[in-house]
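Below are the chains, spelled out letter by letter.
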Amino acid sequence: MKADLFFNRQLIVFLLFLFSYMGAYSQTFTIQGRVLDADTQEFIEGATVTLRNTQFGDLSGATGNFSLKGITAEKYTLAITMSGYNLYEKVVRISSDLNLDNLYLVKFGSEGTGAALQKTIRSANVSRLLVDRPNFIGGNMFYGIPPEPKKVEGNFYLDKKWNLASILLYKDQQVLENYRVRYNINANQFELLEPETLQVTTLQGLRVQNIVWMDSSYKVPRYFVNGMDFRDEGAPILGFFEVLVEGELPLMRRTLAVFKESNYNVALMVGNRNDQIVKRNVYYFLRGKDMFEVPKKRKEFFLIFGDKAAEMEAFAEENQIDLKVAGSIFQVFTYYNSLFPGFVPIMSQLMDEK
């Protein structure tokens, strides 16, 4: 009887140990963090975050955040990859939820990466070159490895960085302040970064009358107005225009984002392998509510200044201004508007020239 009691007690202890062990083993945890550019301190969106040799992975969001869930207690190697940046790796031991806070990626060739690292990268890429270029001995045909699928280079944002902004809405002339924003040109949509939660919300461009944001690179304000308030050949215009020069004859700029499909010729190995999103600027001047594209021909260009056309042409020749350069158009419009009382320049030089 005593032996049976002892056996039962041992069995209970063993079962309790087994259940607690299984519970600990089956418990899962979360790894989270944020990916930033080491030089600019800007959030990096679209970075690939993985745990080596596991199925766990995530892409960093608009604020650089990532989250890997359902991870069991173990030692892992966290790896972060992003086109144009050096590989980031970090050994992590998981026994509870882990917040890695800010993780910084270093661009290729950035100061401080070291010549030795760059040399290593170049050496490591030699074998990849042999695979990607079939005209080299030992290329694709030899190994039977297809080339990497094409990618899309570029983005549809007017400025991919988040800029602190004040937004005036059409409805009730409501003003939104202290948001960081960026503008998707093709979607005609603003993305707003909540100041406290860092959550991203969207705002349709049709609701916004104008917006002023503090450029995070130049540290100066930039002014944008909705094209719906103006006319091009009698019709409202979809999208936003940046006001470059105010005054008697305002100068405005519209940035377009055009999708350019790959023209790579596999047989000849020429052209662009990847699809591209190409941005180009179109410049307009404003008369009342009507917008007109700035003429590209020199003779037609000076005619827009009316009775001051000869004076403006003389100014351009005296200052050796090349009208094919966007900054020169800005210079001429600034000078013209300065001839009228009350002129106050918005900016001293043209920014973000593409």
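Residues numbered from 1 in each chain as written. Predicted model: local features only at pLDDT ≥ 70, side-chain atom pairs only at ≥ 80, totals over all residues. Heavy atoms only, no water.

### Thoughts on the overall build of the chain
For step 1, the next point in the chain: What the chain contains, in helices and strands, is 6 helices and 20 strands.
For step 2, the next point in the chain: Counting across all 354 residues of the chain, residues that qualify as buried make up 36%.
For step 3, the next point in the chain: Considering only intrachain contacts with a sequence separation of at least 6, the fraction spanning at least 24 residues in the chain is 50%.
For step 4, the next point in the chain: Of the roughly 21,600 Å² of accessible surface on the chain, 54% is carried by carbon and sulfur atoms. (Helix = DSSP H or I, 4+ residues; strand = E, 2+ residues; numbered from the N terminus. Buried < 20%, exposed > 50% of the residue type's maximum accessible area, 1.4 Å probe, protein only. Contact = heavy atoms within 4.5 Å. Areas by Shrake-Rupley, 256 points an atom, 1.4 Å probe, with all protein chains shown as cover.)

### Details of the environment of Val-270
For step 1, the next point in the chain: Here Val-270 shows up in the loop between β18 (251-260) and β19 (275-287).
For step 2, the next point in the chain: According to the relative accessible area criterion, Val-270 is partly exposed, its value standing at 44%.
For step 3, the next point in the chain: For Val-270, the residues in contact, after removing those within four places along its chain, are Asn-263, Tyr-264 and Asn-265.

### Description of the nonpolar core
Side chains of nonpolar character tend, in soluble globular proteins, to be buried together.
For step 1, the next point in the chain: Counting 25 residues, the largest nonpolar core has Leu-244, Leu-251, Val-294, Phe-301, Phe-305, Val-332 and Phe-333 as the members making the most contacts within it.
For step 2, the next point in the chain: Those elements giving two or more residues to this core turn out to be β17 (240-245), β19, α4 (298-303), α5 (309-318) and α6 (326-338).
For step 3, the next point in the chain: Once you skip the residues sitting within four places of it in the chain, Val-332 turns out to touch Phe-301, Phe-305, Met-312, Phe-315, Ile-321 and Leu-323.
For step 4, the next point in the chain: Core analysis: the second largest hydrophobic core is formed by 21 residues, Val-49, Tyr-76, Ile-80 and Ile-94 among them. (Core = buried A, V, L, I, M, F, W, Y, C linked by side-chain atoms within 4.5 Å.)

### So, the pairing of strand β12 (residues 200-204)
For step 1, the next point in the chain: Bridge count for strand β11 (residues 189-193) against β12 is 5 bridges, and the pairing is antiparallel. From the neighbouring strand, Leu-192 faces β12, where its bridge partner is Thr-201.
For step 2, the next point in the chain: Remark: 6 residues form the turn of the hairpin made by β11 and β12, two consecutive strands paired antiparallel; Leu-198 in that turn has positive phi of roughly 60 degrees. (Pairing = 2+ DSSP bridges.)

### Structural notes on a nonpolar patch on the surface
For step 1, the next point in the chain: Together, Leu-206, Met-228 and Leu-238 line one region of the surface with nonpolar side chains, adding up to about 280 Å² of accessible area.
For step 2, the next point in the chain: The class for Leu-238 is exposed, based on a relative accessible area of 53%. (Patch = residues over 30% accessible without salt bridge, like charges linked within 9 Å, V, L, I, M, F, W, Y side chains within 5 Å. Salt bridge = Lys/Arg side-chain N within 4 Å of Asp/Glu carboxyl O.)

### Some points on the sheet that holds strand β4 (residues 65-72)
For step 1, the next point in the chain: Spatially, the 3 strands line up as an open sheet ordered β4-β1-β7, and their pairing is mixed. A strand with exactly one partner marks an edge of an open sheet, and here the two such strands are β4 and β7 (98-105). Between one strand axis and the next, the sheet turns by 25 degrees as a mean value, whatever way the strands run.
For step 2, the next point in the chain: Where strand β1 (residues 28-37) and β4 come together, 6 bridges link them in antiparallel fashion. Directly across from Gln-32, in β4, lies its bridge partner Ser-67. (Axes fitted to C-alpha atoms, helices over the stretch in contact; angles between N-to-C directions.)

### Points about α5
For step 1, the next point in the chain: Among the residues of α5, Ala-309, Met-312, Phe-315 and Ala-316 are the ones counted as buried. Looking straight down α5, one finds that the buried residues subtend no more than 125 degrees of arc, so they occupy a single side. Those residues of α5 that are exposed and aimed more than 90 degrees away from the buried face are Ala-310, Glu-317 and Glu-318.
For step 2, the next point in the chain: The inward-facing, buried residues of α5 contact α4 and α6.
For step 3, the next point in the chain: Looking one or two places after α5, you find Gln-320, whose phi comes out positive at around 50 degrees. (Arc of directions from axis to C-beta.)

### So, the pattern of salt bridges
For step 1, the next point in the chain: If you walk through the whole model with that rule in mind, you get 10 salt bridges.
For step 2, the next point in the chain: One salt bridge connects Arg-222 with Glu-242, and the closest N-O pair in it is separated by 2.9 Å. Here Arg-222, found in strand β14 (residues 221-226), pairs with Glu-242, found in strand β17; they are 20 residues apart in sequence, far enough to count as distant.
For step 3, the next point in the chain: A relative accessible area of 3% means that Glu-242 is categorised as buried.
For step 4, the next point in the chain: Ionic contacts of the salt-bridge type, sharing partners, join the residues Asp-215, Arg-222, Glu-242 and Arg-253 into one network.

### Some points on unusual backbone geometry
For step 1, the next point in the chain: Of note in this structure, Asn-53 is not a glycine but carries a positive phi near 60 degrees.
For step 2, the next point in the chain: Exposure remark for Asn-53: the relative accessible area of 84% places this residue in the exposed category.
For step 3, the next point in the chain: Positive phi values are uncommon outside glycine, yet Asn-188 reaches one of about 50 degrees.
For step 4, the next point in the chain: Mapped onto the elements, Asn-188 comes out in the loop between β10 (175-184) and β11.

### Some remarks on the packing of aromatic side chains
For step 1, the next point in the chain: Evaluated as defined, the whole model comprises 13 aromatic pairs.
For step 2, the next point in the chain: A ring pair is formed by Tyr-183 and Phe-190, whose centres lie 4.7 Å apart and whose planes are at 40 degrees; its orientation type is tilted.
For step 3, the next point in the chain: For Tyr-183, a relative accessible area of 5% puts it in the buried group.
For step 4, the next point in the chain: Through successive ring pairs, a cluster of aromatic residues spans Phe-301, Phe-302, Phe-305, Phe-333, Tyr-336 and Phe-340. (Phe/Tyr/Trp six-rings, centres within 6.5 Å; stacked < 30°, edge-to-face > 60°.)

### Section: the side chain of Thr-255
For step 1, the next point in the chain: Take Thr-255: it is sitting in strand β18.
For step 2, the next point in the chain: Within the structure, Thr-255 has its side chain in polar contact with the side chain of Asn-281 (distance 2.7 Å). (Polar contact = N/O pair within 3.5 Å; in protein donor to acceptor, adjacent residues only side chain to side chain.)

### Quick notes on the sheet that holds strand β5 (residues 74-81)
For step 1, the next point in the chain: Ordered in space as β3-β2-β5-β6, the 4 strands form an open sheet in which the pairing is antiparallel. Each edge of the open sheet is held by one strand with a lone partner, namely β3 (57-59) and β6 (88-94). Neighbour-to-neighbour, the strand axes of this sheet turn through a mean angle of 20 degrees, independent of strand direction.
For step 2, the next point in the chain: Bridge analysis of β5 against β6 gives 7 bridges, and the strand direction is antiparallel. Its bridge partner lying in β6, Leu-78 is registered against Lys-90.

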